[in-house]
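Summary of structural features
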Amino acid sequence: KLSLKLVGLPNFLSIPAILKLANALSLGVKSVIYTRGRFIFPRAQPSPHRSFSEEVSVFDNHFGKLGLVSKAYVMGSPEKSQKWHVYSASAELGSQSKPVYTFEMFVIGLDRKRASVFYKTHGSSAALMTEDSGIRKILPQSEICDFEFDPCGYSMNGIEGSAISTIHVTPEDGFSYAGFEAAGYDFEDVNLTQLLERVLACFQPTEFSVAVHTDIAGRELGKNFPLDLNGYHCGHKSHEVLGSGGSVTYQNFDRAESCGSPRSILKCCWSKDEKEVEEEF
Ligand SMILES: C[S@@+](CC[C@H](N)C(=O)[O-])C[C@H]1O[C@@H](n2cnc3c(N)ncnc32)[C@H](O)[C@@H]1O
């Protein structure tokens, strides 16, 4: 299994190189899944990243030749600009008995104080950012390799047995966002709602979306998740069955303007003058 997280501009040039290396090891492709958020300033992007259909045709060109059958979806509310694009291609229906779950969160509009942790200073370090942001507490048993960018920004990869996690933070005010992904965890052991709340506590975003992917049909976790989340309004929820027999559940959330509940882990301290990322369609 090979997992690539591409932050910023996706780069598909690695696909032929990966297929060539796999071929040299006599490894075939059983299934492929590609997910991405919305297209921001699509006309300013180089081909094939101006639209999802362009990206899908590149994937189909590579994986169709290998006999994989593909499906592509755009998930999310028609009223929301935030979307979840999913491309899936597979050679056969999954035959394993234990599902592999992937949990992805995309948070937008970070609380300024939380975002300030991810700015390089004289005394800062990636390890301190991991501690001070609360990222260390998200999956406390994981081994973390973290990196601080100059003048700001943060990335980490975590590993815990066969499970992995990754976080990438763009803290610049006005267009701040962060991505979190955890794959290979047994979400019967790791409570998904608590995991989600630990990620939210690090960033306290104005808006976020969650996607839960399972590679086996009928083993969805996302259907009744999250049950109850204080401080946020649940938005549109969508569910798609993938060609491989797996599925994706996707949901948007917006911060409630008043969150007086004593159970809330979130502070209502966002400023209304923070603007959403501008975009073109
Ligand atoms: C978390 S990084 C994304 C890095 C991504 N994992 C990569 O390898 O390109 C994005 C944040 O780091 C900042 N940054 C600083 N130097 C950068 C660089 N050389 N490449 C990418 N991002 C950089 C950006 O302004 C942004 O806030």
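Residues numbered from 1 in each chain as written. Predicted model: local features only at pLDDT ≥ 70, side-chain atom pairs only at ≥ 80, totals over all residues. Heavy atoms only, no water.

The chain appears in an unreviewed UniProt entry as S-adenosylmethionine decarboxylase proenzyme from Morella rubra. In the Sequence similarities (unreviewed entry) part of its UniProt record, the chain is described as follows: "Belongs to the eukaryotic AdoMetDC family." On record in UniProt, under Pathway (unreviewed entry), the comment for the chain is "Amine and polyamine biosynthesis; S-adenosylmethioninamine biosynthesis; S-adenosylmethioninamine from S-adenosyl-L-methionine: step 1/1." (UniProt positions renumbered as here; feature names shortened; annotations may be inferred.)

With eight of eight residues buried, strand β9 (residues 207–214) is to be regarded as a mostly interior element. Direction of pairing for strand β4 (residues 101–108) relative to β9: antiparallel, over a ladder of eight bridges. Bridge assignment links phenylalanine 106 to a residue of β9, and that residue is serine 209. When β9 meets strand β11 (residues 247–255), the two strands line up antiparallel, connected through eight bridges. The residue bridging histidine 213 from the neighbouring strand is valine 248, located in β11. (Buried < 20%, exposed > 50% of the residue type's maximum accessible area, 1.4 Å probe, protein only. Helix = DSSP H or I, 4+ residues; strand = E, 2+ residues; numbered from the N terminus. Pairing = 2+ DSSP bridges.)

Covalent bonding between the sulfur atoms of two cysteines defines a disulfide. Scanning the model with the defined rule gives zero disulfides in all. Unpaired in terms of disulfides, cysteine 145 finds its nearest cysteine sulfur in cysteine 202, a separation of 18 Å. You can call cysteine 145 exposed: its relative accessible area is 53%. (Disulfide = S-S within 2.5 Å.)

Further remarks concern the packing of aromatic side chains. Scanning all chains against the criterion turns up 16 aromatic pairs. With a centroid separation of 5.8 Å and 10° between ring planes, the pair formed by tryptophan 84 and tyrosine 250 is classed as stacked. In this pair, tryptophan 84 sits in strand β3 (residues 84–90) while tyrosine 250 sits in strand β11, placing the two residues 166 residues apart along the sequence. Each ring, one from phenylalanine 208 and one from tyrosine 232, has its centre 5.0 Å from the other, and the planes form 80°; the classification is edge-to-face. (Phe/Tyr/Trp six-rings, centres within 6.5 Å; stacked < 30°, edge-to-face > 60°.)

On to the site of the ligand, then. As a structural note, the neighbourhood of the ligand is formed by 12 residues, with Cys152, Tyr154, Val169, Pro171 and Glu172 the closest of them. Contact distances for the ligand include 3.4 Å between a nitrogen atom and a side-chain N or O atom of histidine 168. Within the complex, 57% of the 540 Å² of free accessible area of the ligand lies under protein. Elements represented by at least two residues in the shell around the ligand include exactly β6 (154–160) and β7 (163–170). Taken together, the residues that form the shell around the ligand break down as six nonpolar, four polar and two charged. (Near = heavy atom within 4 Å. Polar contact = N/O pair within 3.5 Å; in protein donor to acceptor, adjacent residues only side chain to side chain. Areas by Shrake-Rupley, 256 points an atom, 1.4 Å probe, with all protein chains shown as cover. Nonpolar A, V, L, I, M, F, W, Y, C, P; charged D, E, K, R; others polar.)

On to the confidence of the model for the chain. Here the chain averages 84 in pLDDT, and 84% of its residues register 70 or above. As a predicted assembly, this complex carries a pTM of 0.83 together with an ipTM value of 0.94. (pLDDT = per-residue confidence, 0-100.)

Bringing the sheet that holds strand β1 (residues 31–36) into the picture now. Within a sheet, adjacent strands bond to each other through the backbone by hydrogen bonds, running parallel or antiparallel. Taken in spatial order, the three strands make up an open sheet running β1-β3-β2, and their pairing is antiparallel. Sheet topology places β1 and β2 (69–75) at the edges, where each strand pairs with a single neighbour. Strand-to-strand twist in this sheet, taken as the mean axis angle between neighbours without regard to direction, amounts to 10°. Where β2 lies against β3, seven bridges are found, and the strand directions are antiparallel. By the bridge assignment for β3, methionine 75 is matched with tryptophan 84. Packed on one face of the sheet, helix α2 (residues 52–64) meets β1, β2 and β3 and runs near 15° to β3. (Axes fitted to C-alpha atoms, helices over the stretch in contact; angles between N-to-C directions. Contact = heavy atoms within 4.5 Å.)

Further remarks concern the nonpolar core. Phe103, Met105, Phe180, Phe203 and Phe208 are the most contacted members of the largest nonpolar core, which totals 37 residues. At seven residues, helix α5 (residues 192–203) tops the list of elements feeding residues into this core. (Core = buried A, V, L, I, M, F, W, Y, C linked by side-chain atoms within 4.5 Å.)

This part takes up the environment of lysine 20. Inspection of the secondary structure assignment puts lysine 20 in helix α1 (residues 14–24). Separated by 43 residues in the primary sequence, lysine 20 and phenylalanine 63 place their C-alpha atoms 13 Å from one another.

Strand order across the open sheet formed by eight strands is β5-β6-β7-β8-β4-β9-β11-β10, with antiparallel pairing between neighbours. One side of each edge strand has no neighbouring strand; the edge strands of this open sheet are β5 (143–148) and β10 (232–241). Across the sheet, the mean angle from the axis of one strand to that of its neighbour is 10°, orientation sign disregarded. Of the strands in this sheet, β4, β7, β8 (177–183), β9 and β10 are in contact with α5, which crosses β4 at around 30°.

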